[in-house]
Amino acid sequence: LARMIAMGVPVPRGFAVATDAYAAHLAANGLERAIRSQLAHLDTHNVTDEEERSQAIRRLVTDLAMPAAVETAIRAAYAKMSPNDDLPVAVRSSATAEDMPDASFAGQQDTYLWVVGANEVVDRVRACWASLFTARAMSYRADHHLGQIEVLMAVAVQEMVDARSAGVAMTLDPINGDRTKIVIDSSWGLGESVVSGEITPDNFTVEKVLMQVQKRRITEKTHETVPDPVARRTVNRVVEADRRTQPSLTDEEVIAVAQLARQLEKAIGGPQDLEWAIDRQGRLVALQCRPETVWSQKKAAPQSFALGIEGVLGTLLAPVQNKI
């Protein structure tokens, strides 16, 4: 996020609760010692024991008050964004073990959407810290020999985007690893339903160099994730019948998302996995960007030959594609 902001990419405003804050929480009132005691006899092959220890550790993390300096800093940062204490934000976990070359830890911890008010932000930061110790996360770390207490947690607090459409974009084809393509998944509302796999999104394939939409698959999108301002949370809402089979992006918007993804790939280096949103005023923003960790770790597949203009362009552009 910081790199994207420095590049001038449109990113929702926010602040980061650094890993030092989590480390200070661990050091307070013997919390780390209590967690180590629970972990000492952890058996990740015993599902019942693992879940019981997970719940006990998470209670330890959430029940302990933050160090005063940490809580004061969080409240001050939120107040700077929201003087009236009413700005909806996303509170997103970011562990130090995420996005490693041989282990993608993304999605193992919790994210909270449409959080309103400093009190709720403080509570959700603690909840993010605690989500380091879900049974699933502990099993994953054990399987990849990443350690348990050694993994630290940062938290990003970002202004929520009231998205008309949102989704993900990958700067290669996730099916076959083709780096000449950008593949975009999109649906109505917030992108949570796309990222979580709750719905089958619209799918667009864009040729990376010429920036042309090559394929589009429009699905029936039965529901969307939208904010409920009164309840201060997000809800799943049924999509009206006449909008369900409408494309969630125009071709112009597809190209705009693809151009943003290509820009980030070139600037950061290597294939990227971008989360994006278009708000109800039509503004495109980047929410998150991380390295693609499946195909980018594999050796390039032998090239196949194509006929006609596609084959000619593929040959001419090969030196460009190999640099991307």
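The following refers to the structure shown.

Rules behind the numbers
Residues numbered from 1 in each chain as written. Predicted model: local features only at pLDDT ≥ 70, side-chain atom pairs only at ≥ 80, totals over all residues. Heavy atoms only, no water. Axes fitted to C-alpha atoms, helices over the stretch in contact; angles between N-to-C directions. Helix = DSSP H or I, 4+ residues; strand = E, 2+ residues; numbered from the N terminus. Parallel < 35°, antiparallel > 145°, perpendicular 65-115°, else oblique. Left-handed = near helix turned anticlockwise from the far one by under 90°. Contact = heavy atoms within 4.5 Å. Nonpolar A, V, L, I, M, F, W, Y, C, P; charged D, E, K, R; others polar. Core = buried A, V, L, I, M, F, W, Y, C linked by side-chain atoms within 4.5 Å. Buried < 20%, exposed > 50% of the residue type's maximum accessible area, 1.4 Å probe, protein only. Phe/Tyr/Trp six-rings, centres within 6.5 Å; stacked < 30°, edge-to-face > 60°. Lys NZ or Arg CZ within 6 Å of the ring centre and 35° of its normal. Pairing = 2+ DSSP bridges.

## A few points about the packing of helix α4 (residues 47–63) against helix α7 (residues 135–143)
Phase 1 of the analysis: Where α4 contacts α7, the axes come no closer than 9 Å and their chain directions differ by 110°. As judged from the angle between their axes, α4 and α7 are roughly perpendicular. Between α4 and α7 lies a crossing whose hand is right-handed. Together, Glu-50, Glu-51, Ser-54 and Ile-57 of α4 and Ala-135, Met-138 and Ser-139 of α7 make up the contact between the two elements.
Phase 2 of the analysis: For the contact of α4 with α7, the class distribution of residues is three nonpolar, two polar and two charged.

## A closer look at the nonpolar core
Burial of nonpolar side chains together is a common tendency in soluble globular proteins.
Phase 1 of the analysis: In this structure, Ile-35, Ile-74, Val-89, Val-125, Trp-129, Phe-133 and Val-155 are the most contacted members of the largest nonpolar core, which totals 49 residues.
Phase 2 of the analysis: Here this core takes seven residues from helix α6 (residues 118–130), the largest share from any one element.
Phase 3 of the analysis: Setting aside residues up to four positions removed in sequence, Ile-74 forms contacts with Phe-15, Val-17, Met-66, Val-121, Val-122 and Val-125.

## Considering unusual backbone geometry
Phase 1 of the analysis: The phi dihedral of Asn-29 falls on the positive side, at around 55°, and the residue is not glycine.
Phase 2 of the analysis: Relative to the elements of secondary structure, Asn-29 occurs in the loop between α2 (19–27) and α3 (31–39).
Phase 3 of the analysis: Phi at Asp-85 is positive, roughly 60°, even though this residue is not glycine.
Phase 4 of the analysis: Along the polypeptide, Asp-85 turns up in the loop between α5 (68–81) and β2 (88–95).

## Remarks on the packing of aromatic side chains
Phase 1 of the analysis: Across all of its chains, the model carries one aromatic pair by this definition.
Phase 2 of the analysis: Ring geometry for Tyr-22 versus Trp-129: centroids 5.8 Å apart, planes at 55°, classification tilted. Remark: Trp-129 occurs in helix α6 and Tyr-22 occurs in helix α2; sequence separation between them is 107 residues. Both residues of the pair, Tyr-22 and Trp-129, belong to the buried class.
Phase 3 of the analysis: Between Arg-124 and the ring centre of Tyr-112, over which it is positioned, the NZ or CZ distance is 5.3 Å.

## A closer look at the sheet that holds strand β11 (residues 272–279)
Neighbouring strands of a sheet are bound in pairs by backbone hydrogen bonds; such pairs are parallel or else antiparallel.
Phase 1 of the analysis: Pairing is antiparallel in the open sheet, where six strands are placed in the order β8-β7-β6-β5-β11-β12. Pairing within the sheet leaves two strands with one partner each, and these edge strands are β8 (212–217) and β12 (284–291). Neighbour to neighbour, the strand axes of the sheet diverge by 20° on average, direction disregarded.
Phase 2 of the analysis: Where strand β7 (residues 202–207) lies against β8, five bridges are found, and the strand directions are antiparallel. Bridging across to β8, Phe-204 finds its partner in Arg-216.

Shape descriptors only; they carry no functional weight alone.
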